[in-house]
Amino acid sequence: MSAAMIPLNIAILTISDTRNFSTDRSGELLTERITTAGHRLADRQIVADDIYRIRAVVSTWIADESIQVILTTGGTGFTGRDSTPEAVSVLLDKRIEGFGEQFRQLSFSEIGSSTIQSRCLGGLANATVIFCLPGSSGACRTAWDGLLAEQLDSRHRPCNFADLVIPGRGQHV
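Residues numbered from 1 in each chain as written. Predicted model: local features only at pLDDT ≥ 70, side-chain atom pairs only at ≥ 80, totals over all residues. Heavy atoms only, no water.

For the protein, the name recorded in an unreviewed UniProt entry is Molybdenum cofactor biosynthesis protein B, with Candidatus Halomonas stercoripullorum as its organism. The UniProt entry for the protein carries the following text under Pathway (unreviewed entry): "Cofactor biosynthesis; molybdopterin biosynthesis." Annotation of the protein in UniProt includes, under Sequence similarities (unreviewed entry), the sentence "Belongs to the MoaB/Mog family." (UniProt positions renumbered as here; feature names shortened; annotations may be inferred.)

Written out as structure tokens, the structure is:
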């Protein structure tokens, strides 16, 4: 018999100049996915696509010992306002290089070569795992269903990121 899944405290940040809670389909999809999987929504916010506003929220969550995972959605493209990678990458202690690579591989079957414009990324900071996802609900679904659901499940073997953020379970960064 497998061990019980250990729920994680996950914060969701939508980065958008136009969305609010009634129009934030990606944030809503991620909220539904994490709660259905048995995790807890620790916080959910929306901020404008501004390096310093993004960095302020993510930094606060990294410093909050009760938040184990941060998911951002939006701001990972190439337009002039897309600044999530620049805002978050400097906060990371370690990057999860394979996350962006694997996401783009999964996404290629859905959107073809347009996936190369995704600058999604993952990393660890202060024993908090962070994944920056594109802003479309389709991309969030691809990332959650194809990668994050397993990697944030403490029962997934041979390894998972849950073990790194659950106190007493793995090696903290």
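Still more ground to cover, so stick around.
1. Focus: the sheet that holds strand S1 (residues 9-15)
Across the sheet, which stays open at both edges, the six strands sit in the order S2-S1-S3-S6-S5-S4 with mixed pairing between neighbours. Single-partner strands in this sheet number two, and they are strand S2 (40-47) and strand S4 (94-95). Across the face of the sheet, helix H2 (residues 51-63) comes into contact with S1, S2, strand S3 (69-73), strand S5 (121-125) and strand S6 (128-133) while running at roughly 175 degrees to S1. Sitting on the sheet, helix H5 (residues 137-151) touches S3 and S6, and the angle it makes with S6 is about 140 degrees. (Pairing = 2+ DSSP bridges. Helix = DSSP H or I, 4+ residues; strand = E, 2+ residues; numbered from the N terminus. Contact = heavy atoms within 4.5 Å. Axes fitted to C-alpha atoms, helices over the stretch in contact; angles between N-to-C directions.)

2. A few points about the nonpolar core
Counting residues in hydrophobic clusters, the biggest one holds 27 residues, and the most contacted among them are Leu71, Val129, Phe131, Leu148 and Leu152. Secondary-structure elements contributing two or more residues to this core are S1, helix H1 (25-36), S3, helix H4 (97-111), S6, H5 and helix H6 (162-165). A per-element tally of this core places H5 first, with six residues. (Core = buried A, V, L, I, M, F, W, Y, C linked by side-chain atoms within 4.5 Å. Buried < 20%, exposed > 50% of the residue type's maximum accessible area, 1.4 Å probe, protein only.)

3. With respect to H4
Along an α-helix, residues three or four positions apart point the same way, because every turn accommodates 3.6 residues. For H4, which comprises 15 residues, the first-to-last C-alpha distance of 21 Å matches the rise-based estimate of 21 Å (1.5 Å per residue) to within 8%. Turning to H4, its buried residues are Phe99, Gly100, Phe103 and Ser107. Where H4 is buried, its residues touch S5, S6 and H5. Backbone geometry just downstream of H4 places glycine 112 in the positive-phi region, at approximately 65 degrees. (Expected span 1.5 Å × (residues − 1).)

4. Thoughts on unusual backbone geometry
Going from arginine 157 to proline 158, the amide bond is cis rather than trans, its omega being 20 degrees. Phi is positive for asparagine 126, which is not a glycine, with a value near 55 degrees. With respect to the element layout, asparagine 126 can be found in the loop between S5 and S6. Residue class for asparagine 126 comes out partly exposed when judged on its relative accessible area of 44%. Its identity is not glycine, yet alanine 127 carries a phi of approximately 60 degrees, on the positive side. You can see alanine 127 is positioned in the loop between S5 and S6.

5. Quick notes on the confidence of the model for the protein
Confidence in the prediction of the protein, expressed as mean pLDDT, is 92, and 97% of residues score 70 or more. Averaged pLDDT values for the elements of the protein fall to 88 in H4 and rise to 98 in S2. (pLDDT = per-residue confidence, 0-100.)

6. Points about the pattern of salt bridges
The final tally for this structure, using the stated rule, is nine salt bridges. One salt bridge connects arginine 44 with aspartate 24, and the closest N-O pair in it is separated by 2.9 Å. With arginine 44 in strand S2 and aspartate 24 in the loop between S1 and H1, this pair connects stretches of sequence that are 20 residues apart. Each member of the pair, arginine 44 together with aspartate 24, is buried. For arginine 155, the salt bridge goes to aspartate 153, with nearest N and O atoms at 2.8 Å. (Salt bridge = Lys/Arg side-chain N within 4 Å of Asp/Glu carboxyl O.)

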